[in-house]
2 protein chains.
Amino acid sequence: MGSGQAAGKSIPPYRDEHLKVDFEQQTALLDDGRMALTRKEYALLALLVEHAGEIIPREALLMQVWGYGGEVKTRTLDVHVRRLRKKLGRFAEPYIETIFGIGYRFQPYHAPRFMQAGSVSQ
Amino acid sequence: MGSGQAAGKSIPPYRDEHLKVDFEQQTALLDDGRMALTRKEYALLALLVEHAGEIIPREALLMQVWGYGGEVKTRTLDVHVRRLRKKLGRFAEPYIETIFGIGYRFQPYHAPRFMQAGSVSQ
DNA sequence: CGGAGTTGTAAAAACTTTGTAAAAAGAAAC
DNA sequence: GTTTCTTTTTACAAAGTTTTTACAACTCCG
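Parameters and conventions
Within each chain, residues carry numbers counting from 1 in the order of the written sequence. Chain letters start at A and ligand numbers start at 1, both assigned in the order the entries are written. Only residues with pLDDT of at least 70 are given local features in this predicted model, and only at 80 or more are side-chain atom pairs given and counted; all residues enter the totals for whole chains, interfaces and linings. Side-chain metrics in this entry use all non-hydrogen atoms of the structure; hydrogen atoms and water are not considered. Whether a residue is near a molecule or strand is decided by its heavy atoms; if any one of them lies within 4 Å of it, the residue is near. Pairs of N or O atoms within 3.5 Å make up the polar contacts considered here, provided that, within protein, one atom can donate a hydrogen while the other can accept it, and that residues adjacent in sequence are counted only when both atoms are side-chain atoms. For helices the rule is a DSSP run of H or I covering at least 4 residues; for strands it is a run of E covering at least 2, with both sets numbered from the N terminus onward. Each residue is assigned to one class: nonpolar for Ala, Val, Leu, Ile, Met, Phe, Trp, Tyr, Cys and Pro, charged for Asp, Glu, Lys and Arg, and polar for all the others, Gly among them. Residues belong to a common nonpolar core when they are buried Ala, Val, Leu, Ile, Met, Phe, Trp, Tyr or Cys residues joined through side-chain atoms within 4.5 Å. When a residue's accessible area, from a 1.4 Å probe over protein chains only, is under 20% of the maximum for its type it is buried; when over 50% it is exposed; and in between it is partly exposed. The contact criterion used is simple: two residues touch if any of their non-hydrogen atoms lie within 4.5 Å.

## Examining the protein's contact with DNA strand C
At step 1: Inspection of the region around DNA strand C gives 23 residues, with Arg82(A), Tyr104(A), Arg75(B), Arg82(B) and Tyr104(B) positioned closest.
At step 2: Each atom of DNA strand C within 4 Å of the protein was classed as base or backbone; sugar and phosphate made up 61%.
At step 3: Taking Tyr104(A), its side chain carries an N or O atom lying 2.5 Å from a phosphate oxygen of DNA strand C.
At step 4: Arg75(B) is positioned with one of its side-chain polar atoms (N or O) 2.7 Å from a base oxygen of DNA strand C.
At step 5: When residues of the surface near DNA strand C are traced back to their parent elements, those giving at least two are α3 (76–88) of chain A together with α3 (76–88) of chain B.
At step 6: When its residues are assigned to classes, the surface near DNA strand C shows eight nonpolar, four polar and eleven charged.

Set out below in structure tokens:
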């Protein structure tokens, strides 16, 4: 289960206006408050944060965090995303984007957004 | 469904005065505004853009994007082209050409236009 | 011009994907 | 072995996407 980084390597923490993710300690701080994340929740958040700004397909998430390959029918990813969002509270919205039909994307706090639906600036 | 390129390969994005298509992230930027494309819309645009300047027959588009072969009776291609054009806004006109009786052609922003007579500009 | 065939468009229907709550199952702690 | 916490499944709701339908508008060619 590739839940994160191998111990020993020194990975600089992610940090922005409201969120800090410490990959060494495997902890996350949200606006000074420590997020109480379970292992899977942390693994999911860490993977998203490590690839901030990039779209990560469901398949990739299911593979990396759960070790599921191929055609697995499960909603556990959605449920975990939901719980992460809940714990991110009012910041859930800007941080975790759903990319319909593809996967999810973590966006740093100030980041131009690719909207999924609606109209285009014209 | 050949919606694009296999992951992992590094394909340089398409880019011109107003439009950028990132084949890695499967996203499109129009004059700084992010285009909110659905999967099919992106697949269609990507295919056209990858063959910029070339006429692509309806059949080819239906095959590549939808996997439809032979004698399929559908108007979904037209509907998707329409939605793409809508999202391209004021740029729809120069970018996506209808080649009557044959198919469609994407033209880079500054491109000499040929009359509709199957004149494939290299 | 006129008609056959093709493309454009709007709206509805059909379908797919994601969100959510609650229950069940599995692990760890006591 | 029971309690507590975590994870997965289930079942349905909500949201989003795609296809079809029906008709209007246009193009080509006689």
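Still more ground to cover, so stick around.
## Brief notes about the nonpolar core
The nonpolar side chains of soluble globular proteins are, as a tendency, buried together.
At step 1: Formed by 32 residues in total, the largest nonpolar core has its most connected members in Leu19(B) and Val21(B).
At step 2: At the level of secondary structure, the elements contributing two or more residues to this core comprise β2 (19–22), β3 (27–30), α1 (39–50), α2 (58–66), α3, α4 (92–95) and β7 (103–106) of chain B.
At step 3: Counting residues per element, this core draws most heavily on α1(B), which supplies eight residues.
At step 4: Apart from the residues within four sequence positions on either side, Leu19(B) is in contact with Tyr14(B), Leu29(B), Leu30(B), Met35(B), Leu88(B), Tyr95(B) and Phe106(B).
At step 5: Ranked by size, the runner-up nonpolar core spans 31 residues in total, among them Tyr14(A), Ala28(A), Leu44(A) and Leu45(A).

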